[in-house]
Amino acid sequence: MLWHRSKITKHRGTYNTHSRDLACHLCLAGCAPSKIGSLITWIAALFGVTVKKQMSRRTVGRCMLKSLAAADIQLVDKLSQNPGHTISQDSTSNQNINYQAHQVTMQVPDYEQVEGTPSLASTPCTQLLRVASTVDHTAPTLIATWVLLLQATMDTYNNSPMAQRSSQSFSLQNFALKLKGMCLDHASAKKAASDLLRTWKESETMQDLGETELSKMDVVGLIAFLNKQKAVLIKGLGGVVAWNTLGDVIQSKHEVKLMNKLKEELGQKVYATLPSEACSALDLFVWAGCCMHKDQNSFKGSTDVMALFWTASGLVLPIILANKTNAAKIRDVLNPSQKGTPLTADKEAAIAASTRGGVKAAALAGALLNNKDDKKGFGDTHLIHLSAEHGLKETRRFPDTSNTCFTSYGLAAGKLLKHLEFYQTFLDNARLRKQQVGWTNIELNLNNALYDKPTLTKLAVMVLYTQSVTHPYLRVVRGSGENVVNVLDLGPFHQKVCNHCQAIVNNPNLLVLVDASFELGALDGKSWEDTDSFLAVRKLLVNGKLRHLCAATVAFFEGALVTWIRFSAEFAPGGTIDALLAEERDLAWMPATNNVNKGALGAYRVYMRSRPNSTLLSYNAFAVCQKNNTLAFMGAKFNEEDNRYVQKVARKWDSSGMERERKNKHANSDKQLAEMKHTKEAATRKEAEERRNWLSAVVFVVIGNIKRL
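Residues numbered from 1 in each chain as written. Predicted model: local features only at pLDDT ≥ 70, side-chain atom pairs only at ≥ 80, totals over all residues. Heavy atoms only, no water.

Next up on the list: helix 4 (residues 139-158). Spanning 20 residues, helix 4 covers 28 Å between terminal C-alpha atoms, matching the ideal 28 Å at 1.5 Å per step. Among the residues making up helix 4, those that are buried are Ala 139, Thr 141, Leu 142, Ile 143, Thr 145, Trp 146, Leu 149, Leu 150, Thr 153, Met 154, Thr 156 and Tyr 157. (Helix = DSSP H or I, 4+ residues; strand = E, 2+ residues; numbered from the N terminus. Expected span 1.5 Å × (residues − 1). Buried < 20%, exposed > 50% of the residue type's maximum accessible area, 1.4 Å probe, protein only.)

All right, on to the pattern of salt bridges then. Counted by the stated rule, this structure contains 21 salt bridges. Asp 530 is the salt-bridge partner of Lys 418, the closest N and O atoms lying 3.1 Å from each other. Taken together, the residues Lys 418 in helix 17 (residues 408-418) and Asp 530 in the loop between helix 23 (518-521) and helix 24 (531-542) connect sequence positions 112 residues apart. Overlapping salt bridges, with partners in common, bring together Asp 90, Asp 185, Lys 190 and Lys 598 in one network. (Salt bridge = Lys/Arg side-chain N within 4 Å of Asp/Glu carboxyl O.)

Our next topic: the packing of aromatic side chains. Any pair of aromatic rings gets described here by the distance separating the centres and the angle formed by the planes. This structure, assessed with the given rule, holds 19 aromatic pairs. Judged by centre distance (5.0 Å) and plane angle (80°), the rings of Phe 378 and Phe 426 are edge-to-face. Of this pair, Phe 378 sits in the loop between helix 15 (358-369) and helix 16 (380-390) while Phe 426 sits in helix 18 (residues 420-433), and the two are 48 residues apart along the sequence. For the pair Phe 378 and Phe 426, one class covers both residues: buried. Taken together, the ring pairs in this structure connect Tyr 99, Tyr 604, Tyr 607, Tyr 619 and Phe 622 into an aromatic cluster. (Phe/Tyr/Trp six-rings, centres within 6.5 Å; stacked < 30°, edge-to-face > 60°.)

This part takes up a nonpolar patch on the surface. On the surface, Trp 694, Leu 695, Val 698 and Phe 700 cluster together into a nonpolar patch covering about 480 Å² of accessible area. Structurally, Val 698 is set in the segment after helix 31 (658-696). For Val 698, a relative accessible area of 33% puts it in the partly exposed group. (Patch = residues over 30% accessible without salt bridge, like charges linked within 9 Å, V, L, I, M, F, W, Y side chains within 5 Å. Areas by Shrake-Rupley, 256 points an atom, 1.4 Å probe, with all protein chains shown as cover.)

Counting buried positions over the 10 residues of strand 4 (residues 97-106) gives 9, a clear majority of the element. In this sheet, strand 4 lies alongside strand 3 (residues 85-94) in antiparallel orientation, the contact comprising 9 bridges. Considered in strand 4, the bridge of Asp 90 is made with Ala 101. Hairpin geometry of strand 3 and strand 4 is characterised by an intervening segment of 2 residues between the two adjacent antiparallel strands and by a positive phi of about 55° at Gln 95. (Pairing = 2+ DSSP bridges.)

This next bit is on the layout of surface pockets. The volume enclosed by the largest pocket comes to roughly 1,100 Å³. Arg 130, Leu 148, Leu 149, Ala 152 and Met 658 are, among the 32 residues lining the largest pocket, the residues nearest its centre. Looking at the lining of the largest pocket element by element, the count peaks at 10 residues for helix 4. Partitioning the lining of the largest pocket into residue classes produces 13 nonpolar, 10 polar and 9 charged. Of the voids in this model, the second largest pocket is the one considered here, and its volume is about 870 Å³. Lining the second largest pocket we find 23 residues, and of these Thr 92, Asn 403, Thr 404, Gly 602 and Arg 605 sit closest to its centre. (1 Å grid on protein atoms, 1.4 Å probe; cavity = no way out; pocket = protein on both sides within 12 Å on 5 of 7 lines; lining within 4 Å. Points joined across faces, edges and corners; volume = space filled by probe spheres on them. Nonpolar A, V, L, I, M, F, W, Y, C, P; charged D, E, K, R; others polar.)

This brings us to the packing of helix 15 against helix 17. Helix 17 packs onto helix 15 with a crossing angle of 80° between their chain directions and a minimal axis gap of 9 Å. In terms of orientation, helix 15 and helix 17 fall into the roughly perpendicular class. Mapping the contact onto sequence places Val 359, Ala 361, Ala 362, Ala 363 and Ala 365 in helix 15 and Tyr 409, Ala 412 and Leu 416 in helix 17. Of the residues assigned to the contact of helix 15 with helix 17, the class counts are 8 nonpolar, no polar and no charged. (Axes fitted to C-alpha atoms, helices over the stretch in contact; angles between N-to-C directions. Parallel < 35°, antiparallel > 145°, perpendicular 65-115°, else oblique. Contact = heavy atoms within 4.5 Å.)

Inspection of the entire model under this criterion finds 0 disulfides. Between Cys 24, a cysteine without a disulfide, and Cys 63, which holds the nearest cysteine sulfur, the sulfur-to-sulfur distance is 5.2 Å. For Cys 24, a relative accessible area of 1% translates into the label buried. Not part of a disulfide, Cys 31 finds its nearest cysteine sulfur in Cys 27, a span of 8.0 Å. On the basis of relative accessibility, which here comes to 23%, the residue Cys 31 falls in the partly exposed class. (Disulfide = S-S within 2.5 Å.)

This part covers the pairing of strand 6 (residues 179-184). Most of strand 6 sits out of view: 6 of its 6 residues are buried. The sheet contact formed by strand 6 and strand 7 (residues 286-289) spans 4 bridges and is parallel. Opposite Leu 184, over in strand 7, you have Gly 289 as the bridge partner.

Shown next as structure tokens:
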């Protein structure tokens, strides 16, 4: 059936809703905005419709901005329907600018259901608010960014026809009252930001209780009460004469400040009279750390403890894997002919700056075999040789230790030991394939590490921990399919992790014996994630290459136990999360990982890599609409009046110069920071100069020249 011409072409000089939605669908599907106009023309021709003028790239961009405005309405509409919500965030840098992803977790309706009114889903879903740039990482800046984004979103909703039809509005106070928790990583600035949010929520709660109490007063009594408080304010400012000289603006500020203070004081009095259950409901705010970071930090803590054990036990240390600058100096130190020669300061510094061990070997392997720079390392040559040796099942790239990637070091250790002989041969052949036969420093380091027994032992321990703890842990916290995990339900599971680490410390034979099995060795009692890497450790053990595997495993798991206890402190018995009721856990539902924020930030980096001239607003339009399924919301709840409103907002945003203002903000912040440091340096120089002048004016008296009294 042929479409009606008006569903594709322009109508009275403007594109209609159907054509704009089609442009958005094509853009979200990955089509370049500059190609969408010709693509629509081609699609229309297939249905026998002639489109005389192609949609421009600018129009496609505004169509996406229109969807972003609709996403703001969608988000606040869902916030108003939900009894509670939680938030999460993460940050990264791109081109030396810090970016922060902001997400809100709540129950979300299914707008694509065929019949009936969309109802809230039973399992909460995370919705993207924005990716925004910030001038620094401090907690006040993080909170200020949240407030600015939320206020702008609520302004879009409150001025919309949808809000006017429902006769309701949504404010920052409403958001704070419904805010039940925050999921972040374990950085000190992020925890400080959570504390600031908790304080803000408490203040808004007291304000709300105070407003409710004031509304219960009769008009005469309320006026008398306010006049009395205002009289006290005027007296404190110096009397009526001084008050009248302040001006209307300053008087209004004092009056607003007075009202807020009165509401908070009244709210605190009301709060003191409430039963404990009501107070708990008002106070509900939970902080939880990302479980991916818990595992990452436990791995790092474990490797640090294992390194200390190796030194304290007097064992032969792993081979030094020095960088190119220090390698020549260290090779000179290790030369047998130099035995007994005192070390120079340069050589001591070179040894102190050099690293060794399994983690360093895995990092070198990642830099060689899967470098983040495609022009460096072996790249596809490694994959070609690996698949030729072991078949197509081994065509996956080497774990990405070249970037900061979860579990990559444990996976890299498994890969190296599983194909140890292949990598030894591959590196030697790589040396021989060169026109001028020889090693680069990094190749030589990795080759030496793969023949060094202490380094192999550390790699083996990393494999055992990854198979025993990391993989089973991640299977639980990530969930599977539709089984999304609430982090607040994971207290007992984290206790199980600690108990399992303690069990390995008490009996390392659960992992290091030749007949060790996953039933007792794995955290969940299920099969090893990578059986081949576990068997590779067993093979090296049988061949006598891992003499200290048992003791090193104990040290590693002791470090893991200490770190797990530290980074799962929010689940401690008697703590906030432990005391929550089942209903409160559901109300403060949070995902167990912060992957959605990391995904949004990673997607931004990829997006800007292929579109370097694009703006942050354009990326948000693309990412928010795709993540939140905004087009389905528009199809279910928007009418022509709503569409006209979001088009108006899109035109305003497009001409507002947001991107220029954002960049100017960063430039001004950098200038202010530089000026502040310059002023501080000038003050330090002035103080030093004054001290020098004072010292130069001191008259020194030689004791021998003093006449005897």
